[in-house]
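Residue strings, one per chain:
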2 protein chains.
Amino acid sequence: MKKIINNPNDVVTEMLQGLAKANPNVVYAGEGVEVISRKEKKSGKVGVISGGGSGHEPAHAGYVGKGMLDAAVAGNVFASPSPDRIIEGIKAADSGAGVLMVIKNYSGDIMNFEMAGELASMEDIKTASVVVKDDVAVPNSTFSTGRRGIAGTVFVHKVAGAAAEMGKSLEEVQAAAQKTADNVRSMGMAMSPCILPGVGTPGFDLGEKEVEIGMGIHGEPGVSREDLRPAKDLAEELVGRILADYDYSGSEVAVMVNGLGGTPLMELYIMYNEVEKYLAEKGIKIYRAFVGNYMTSLEMAGCSVTLLKLDDELKTYLDYPSEAPAFRV
Amino acid sequence: MKKIINNPNDVVTEMLQGLAKANPNVVYAGEGVEVISRKEKKSGKVGVISGGGSGHEPAHAGYVGKGMLDAAVAGNVFASPSPDRIIEGIKAADSGAGVLMVIKNYSGDIMNFEMAGELASMEDIKTASVVVKDDVAVPNSTFSTGRRGIAGTVFVHKVAGAAAEMGKSLEEVQAAAQKTADNVRSMGMAMSPCILPGVGTPGFDLGEKEVEIGMGIHGEPGVSREDLRPAKDLAEELVGRILADYDYSGSEVAVMVNGLGGTPLMELYIMYNEVEKYLAEKGIKIYRAFVGNYMTSLEMAGCSVTLLKLDDELKTYLDYPSEAPAFRV
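Just so it is clear, the model here is predicted, and its values are computed rather than measured. (Residues numbered from 1 in each chain as written. Chains lettered and ligands numbered in written order. Predicted model: local features only at pLDDT ≥ 70, side-chain atom pairs only at ≥ 80, totals over all residues. Heavy atoms only, no water.)

Engineer: Explain the overall build of chain A here, please?
Structural biologist: Check the secondary structure of chain A and you find eight helices and twelve strands. Expected size for 329 residues packed as a compact globule is a radius of gyration near 20 Å; at 19 Å, chain A falls within 12% of this value. Summarising its shape, the C-alpha atoms of chain A cover approximately 55 × 50 × 35 Å along the three principal directions. Only carbon and sulfur atoms are counted for the fraction: they give 48% of the accessible area of chain A, which is about 11,000 Å². Side-chain charges of chain A comprise 32 positive and 44 negative groups, with the mean position of each set lying 4 Å from the other. (Helix = DSSP H or I, 4+ residues; strand = E, 2+ residues; numbered from the N terminus. Rg over C-alpha atoms; globule rule 2.2 N^0.38 Å. Areas by Shrake-Rupley, 256 points an atom, 1.4 Å probe, with all protein chains shown as cover. Lys, Arg positive; Asp, Glu negative; His and termini not counted. Charge placed at Lys NZ, Arg CZ, Asp CG, Glu CD.)

Now the structure itself:
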């Protein structure tokens, strides 16, 4: 294992320390709490938080900033944050108007965010939540009942954060976030495994020319292993599976081509070029596109494609300024 | 070789097509020209261009945008763009006030940009150039006489682009860019090789625990191969070599921790955390920090550290808004 780390047990703390030092607009809550939150707190604004296991950077701490998340709660690598971490995130985000929790659909996250919500209610902080299950690959998975939440979650952050910044109520922010979650679908593929710092060896093997279609962001099984094909075929396979699941025909969409950490930006742009061509063939209009590393799996090679159906309301939220370092609009 | 591509010969064209489709503020000049330029052209503004071999994305096309580059010229992977491509970049960037060319110090780039400058003068376009040689690793290298230009080049783009946008003359923009080049130093290390799409096999081998200190962004030899050490030691080695070369004591600096493409953001933040601590020990004040993939080598794992000594003028340029997708300020 070759990683730029010190002790594998300290990676989350040291990463968040580094992130907070590099970003003067956020505060790091300290070791064991592992919460990054906005320095500026606007009274009476709905707070928006998210979180989950580490190893998916820039998710979620990179999305903390004006117009997006108010706080992000980090678990250990690929492990849900505990309720007592999450309640600290809720408190950091609360300014009297309640807090929306954006949760990826993994059993540990669901349970722990729910418990944290109960803890919050005991402290008279109102919470609401939206669960994101955008991954169309498999109906259930290793760590989830129902579909997994992956890169589409970033669009939910964006919409919820914009709605909150625009002064919407908790119910309105939740509704906008839920609408986003309802209209977003993703599908990914992996070309190489990743190595957890505390483990030191790859979580799985793939043959020299093999890719796994539909693999999860923790290396959970996908739908098939097959030989690597040209970018055009891969784009059609991933987008095709999304279109088979949800009818985007005639609609305007936001597109994300997301790198899993180890794939060069060159390849993500080539992938986007093919996705764009395929969507054009299908008569689906692209309103805005995002190409880069948004929700990763450490150094895993591969990518995912996400489509979000837009209406005027969602366009307004998507275009609203965000100062989060990993999602500047 | 597992890459998300179609024909290896088409990677540059298809990447730039994808990039231009995803970014409505730029134009792609077409196959064989391989120039990305700003759609909006402000009359009488100094143009700023850069370019070089592909494979270093987001360098340089990702830096095209208001407040940064007016055009970027792409060569094939790890190969200098030809003079007839560069002259197209110059023309795209020219709006009557001359064009500054920011060149990384590689023999092919120097020769081809120089020839393009001569072609431009025949068309009555005034050019000036700044050569960046920020890599302190080795005095000469495989593709360069003198030091190599690496991630520090991005700071030169930023300063020149801001100065141009603020209405400075070609001489003033050149002087600001030259001041940046004079005060910037970088040092990198590689942990894994990269694979050129047209070649298909790694350019070099590294042992299971081995890193190469000072390796170039094309896999050119560095200063030593050694066992991977903790992030703290790596930070001290890289920054130590920079400080041994240039006296940053008592100054304020911009810092960049740059990933080479295959290194997770988690590790870059851990690295930055150590760099920050080491600079604090040395009494060097960090004005602003940048952590991410700014100048890559395809999927190479590793990172570089860059320090730029700032004065009030350079701070103004560094803080000036940039709308380039890969460097939003």
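On we go from here.
Engineer: In this structure, what is going on with the relation of the copies chain B and chain A? I would like to understand it.
Structural biologist: Two copies of the chain are present, and they differ by a rotation about an axis and a shift along that axis. Expressed as a screw operation, the relation of chain B to chain A combines 0.0 Å of axial shift with a rotation of 180 degrees, fitting to an RMSD of 0.0 Å. With respect to symmetry, the two chain copies, as superposed, fit the operation of a two-fold axis. Within chain B, the C-alpha atom positioned nearest to the axis of rotation is that of G262(B), 2.1 Å from it. Comparing interface residues between copies, 100% of those in chain B also lie at the interface in chain A; the contact surface is shared. (Least-squares fit on C-alpha atoms with pLDDT ≥ 70 in both. Contact = heavy atoms within 4.5 Å.)

Engineer: Help me out: how do you make sense of the interface of chain B and chain A in this one?
Structural biologist: Size of an interface, as often reported, equals the accessible area lost when the parts are brought together. Listed per partner, the contact involves 54 residues of chain B and 54 residues of chain A. Buried surface at the junction of chain B and chain A, both sides included, amounts to about 4,400 Å², of which 63% is carbon and sulfur. Together, K2(B), I4(B) and M266(B) form the three largest contributors to the area buried by chain B at its contact with chain A, with a combined 21%. Summed over the shared surface of chain B and chain A, the result is four salt bridges. As a salt-bridge pair, K21(A) and E276(B) come within 2.8 Å of each other at their nearest N and O atoms. (Buried area = accessible area lost by both parts, 1.4 Å probe. Salt bridge = Lys/Arg side-chain N within 4 Å of Asp/Glu carboxyl O.)

Engineer: What exactly am I supposed to notice about the packing of helix α1 (residues 11-22) of chain A against helix α7 (residues 265-281) of chain B here?
Structural biologist: Angle between the axes and distance between the axes are the two parameters that describe a pair of packed helices. Put simply, α1(A) and α7(B) touch, their axes get as near as 7 Å, and they point 65 degrees apart. It follows that α1(A) is roughly perpendicular to α7(B) by the angle criterion. The chirality of how α1(A) crosses α7(B) is left-handed. Along its contact with α1(A), which presents V11(A), E14(A), M15(A), Q17(A), G18(A), L19(A), K21(A) and A22(A), the element α7(B) presents M266(B), Y269(B), I270(B), Y272(B), N273(B), E274(B), E276(B) and K277(B). When grouped by side-chain class, the residues that make up the contact of α1(A) with α7(B) number eight nonpolar, three polar and five charged. (Axes fitted to C-alpha atoms, helices over the stretch in contact; angles between N-to-C directions. Parallel < 35°, antiparallel > 145°, perpendicular 65-115°, else oblique. Left-handed = near helix turned anticlockwise from the far one by under 90°. Nonpolar A, V, L, I, M, F, W, Y, C, P; charged D, E, K, R; others polar.)

Engineer: I keep staring at the sheet that holds strand β5 (residues 99-104) of chain B and nothing clicks. Help me out?
Structural biologist: Strand pairing in a sheet relies on backbone hydrogen bonds. The paired strands run either parallel or antiparallel. All names here are of chain B. Spatially, the six strands line up as an open sheet ordered β1-β2-β4-β3-β5-β6, and their pairing is mixed. Strands with a single pairing partner mark the edges of an open sheet, and in this sheet they are β1 (26-28) and β6 (127-132). Sheet twist, expressed as the mean angle between neighbouring strand axes with direction ignored, is 20 degrees. Sheet topology places β5 next to β6; six bridges connect them, and they run parallel. The residue bridging L100 from the neighbouring strand is A128, located in β6. Along the sheet face, helix α3 (residues 107-122) touches β3 (47-54), β5 and β6 and points at about 165 degrees away from the line of β5. Contacting β2 (35-38), β3, β5 and β6, helix α4 (residues 152-165) crosses the sheet at an angle of about 175 degrees to β5. (Pairing = 2+ DSSP bridges.)

Engineer: How do you make sense of the pattern of salt bridges when you look at a structure like this?
Structural biologist: Side chains that differ in sign of charge can pair as their charged atoms come close. Residues and elements named next belong to chain A. Applying the stated rule across the entire model yields 52 salt bridges over all chains. In this structure, E274 engages K277 in a salt bridge whose closest nitrogen and oxygen atoms are separated by 3.4 Å. Separated by three residues within a single helix, E274 and K277 lie in helix α7 (residues 265-281), roughly one turn from each other. A relative accessible area of 35% places K277 in the partly exposed class. Salt bridges sharing common partners tie together R38, E40, K42, K45, D70 and E165. (Buried < 20%, exposed > 50% of the residue type's maximum accessible area, 1.4 Å probe, protein only.)

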